[in-house]
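Survey of secondary and tertiary structure
Spelled out, the chains give:
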Amino acid sequence: MSKPTTGDFTKTPGWLDWYTGPSKPRFQVPAGSVDAHCHVFGPGAEFPYAPERKYTPCDASKAQLYALRDHLGFARNVVVQATCHGADNRAMVDALASSGGKARGVATVKRGVSDEELQAMHAAGVRGVRFNFVKRLVDFTPKEELIEIANRIKPLGWHVVIYFEAVDLPELWDFFTTLPTDVVVDHMGRPDVSQPVDGPEFELFVKFMREHPNVWSKVSCPERLSVTGPKALNGEQNAYTDVIPFARRIVEEFPDRVLWGTDWPHPNLKDHMPDDGLLVDFIPHIATTPELQQKLLVDNPMRLYWPEEVKG
Ligand SMILES: O=C(O)/C=C(\CC(=O)C(=O)O)C(=O)O
């Protein structure tokens, strides 16, 4: 893969660039697998970063994303709008347009978005909107605005992706459970994996999924959640062992409502940048049978993002 660039923007101090030269995964993903959570950044010279952004990344282009897809053995991507682009979805939509139908998108929209804009995004392959509640990433948006947006995108058959920290789930519960669409949680609601997997915090998340059949979860980002590692670097085949019980529990309890993604280019990591090949080798630790792997990587994302291609 080519190397990251930065254009005229100055990266956030301490920014870690994505890993060049990822290893070839030992785990071969099933045919038709979907990387259901990844981003593009700019390039800033073509698609400038948003003035309201909380971080400035290195560039991560669609060509680099699709090269990674091919290298890892994936067939498709779901490109999620990153907060460094605010509600300017052009870089993400441009990536979808160049994918030959092999990428869908999740956008960020404001209440002022027009029906024509929503229709154009739908035609480009957008199938969801993302509501972000992680305070270091976004300014607060009133809940009435978000509900209004959710009601507007529902007729398009889109869903809502939510990103929040585990400690905030109790406060957000009532809002999340009134959303009128399918709801996809990023990174299992960011559990504190130093707490027990059957402790009150994660039990609340499991209850959220158990009591609400419209709620799905991405079992992604062990590199973000892990406290003890080991890191997915230097050929490590048993990375992020402290995250495994959490992800495995969700995969086994809700096999038809889980998704997986690389999270490339891994915004805002502070400690290390993982080798994406080794992240793929993490998958069989959390989806331990071919049946679970098929659902996680193919059947579930296809049902949510390419339903027209799913028979029956
Ligand atoms: O890539 C992710 O999912 C997580 C992010 C970044 C993010 O959500 C964004 O910029 O939109 C994070 O925790 O910093």
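These numbers come from a predicted model, not from an experiment.

With respect to the pairing of strand 5 (residues 159-163)
For strand 5, the buried fraction is high: 5 of the 5 residues fall into the buried class. Burial along strand 5 is two-sided: the face carrying H159, V161 and Y163 and the face carrying V160 and I162 are both buried. Both strand 4 (residues 126-132) and strand 5 contribute to a ladder of 5 bridges, which runs parallel. For N132, the partnering residue across the bridge sits in strand 5 and is Y163. In terms of handedness, the path from strand 4 via helix 4 (residues 143-153) over to strand 5 forms a crossover that is right-handed. When strand 5 meets strand 6 (residues 183-185), the two strands line up parallel, connected through 3 bridges.

A closer look at the packing of helix 5 (residues 169-176) against helix 6 (residues 200-211)
Two quantities define a packed helix pair, namely the angle between the axes and the distance from one axis to the other. Taken N-terminus to C-terminus, the directions of helix 5 and helix 6 make an angle of 10°; their axes are 11 Å apart at the nearest point. Judged on the interaxial angle alone, helix 6 and helix 5 are roughly parallel. In this structure, helix 5 uses L169, P170, W173 and F176 to contact helix 6, whose residues at the interface are L204, F205, K207, F208 and E211. In the contact of helix 5 with helix 6, the residues fall into 7 nonpolar, no polar and 2 charged.

Points about the confidence of the model for the protein chain
In low-pLDDT regions, the fine details of the predicted coordinates are not to be read closely. Residues of the protein chain with pLDDT of at least 70 account for 99%, and the chain-wide mean is 97. For this predicted complex, the interface confidence score (ipTM) comes to 0.94, while the overall pTM stands at 0.97.

Some remarks on the site of the ligand
Close to the ligand lie 17 residues, the nearest being H39, Y55, R130, Y163 and D263. A distance of 3.1 Å separates an oxygen atom of the ligand from a polar atom in the side chain of R224. N268 is positioned with one of its side-chain polar atoms (N or O) 2.8 Å from an oxygen atom of the ligand. Here the ligand occupies the largest cavity. Class assignment for the residues of the shell around the ligand results in 5 nonpolar, 7 polar and 5 charged.

Looking at the layout of surface pockets
Leftover empty space is mapped by rolling, across the atoms, a probe with the size of a water molecule. Computed from the structure, the largest pocket encloses a volume of approximately 680 Å³. At the level of secondary structure, the elements contributing two or more residues to the lining of the largest pocket comprise strand 4, helix 4 and helix 5. Examining the composition of the lining of the largest pocket, we find that 4 residues originate from one element, helix 4, more than from any other. Of the volumes computed, that of the second largest pocket is approximately 200 Å³. Taken together, 15 residues form the lining of the second largest pocket, with E223, R224, S226, D271 and H272 sitting closest to its centre.

Cut-offs applied
- Residues numbered from 1 in each chain as written.
- Predicted model: local features only at pLDDT ≥ 70, side-chain atom pairs only at ≥ 80, totals over all residues.
- Heavy atoms only, no water.
- Buried < 20%, exposed > 50% of the residue type's maximum accessible area, 1.4 Å probe, protein only.
- Helix = DSSP H or I, 4+ residues; strand = E, 2+ residues; numbered from the N terminus.
- Pairing = 2+ DSSP bridges.
- Right-handed = clockwise from strand over helix to strand, strands pointing away.
- Axes fitted to C-alpha atoms, helices over the stretch in contact; angles between N-to-C directions.
- Parallel < 35°, antiparallel > 145°, perpendicular 65-115°, else oblique.
- Contact = heavy atoms within 4.5 Å.
- Nonpolar A, V, L, I, M, F, W, Y, C, P; charged D, E, K, R; others polar.
- pLDDT = per-residue confidence, 0-100.
- Near = heavy atom within 4 Å.
- Polar contact = N/O pair within 3.5 Å; in protein donor to acceptor, adjacent residues only side chain to side chain.
- 1 Å grid on protein atoms, 1.4 Å probe; cavity = no way out; pocket = protein on both sides within 12 Å on 5 of 7 lines; lining within 4 Å.
- Sits in = over half its atoms within 2 Å of the grid points.
- Points joined across faces, edges and corners; volume = space filled by probe spheres on them.

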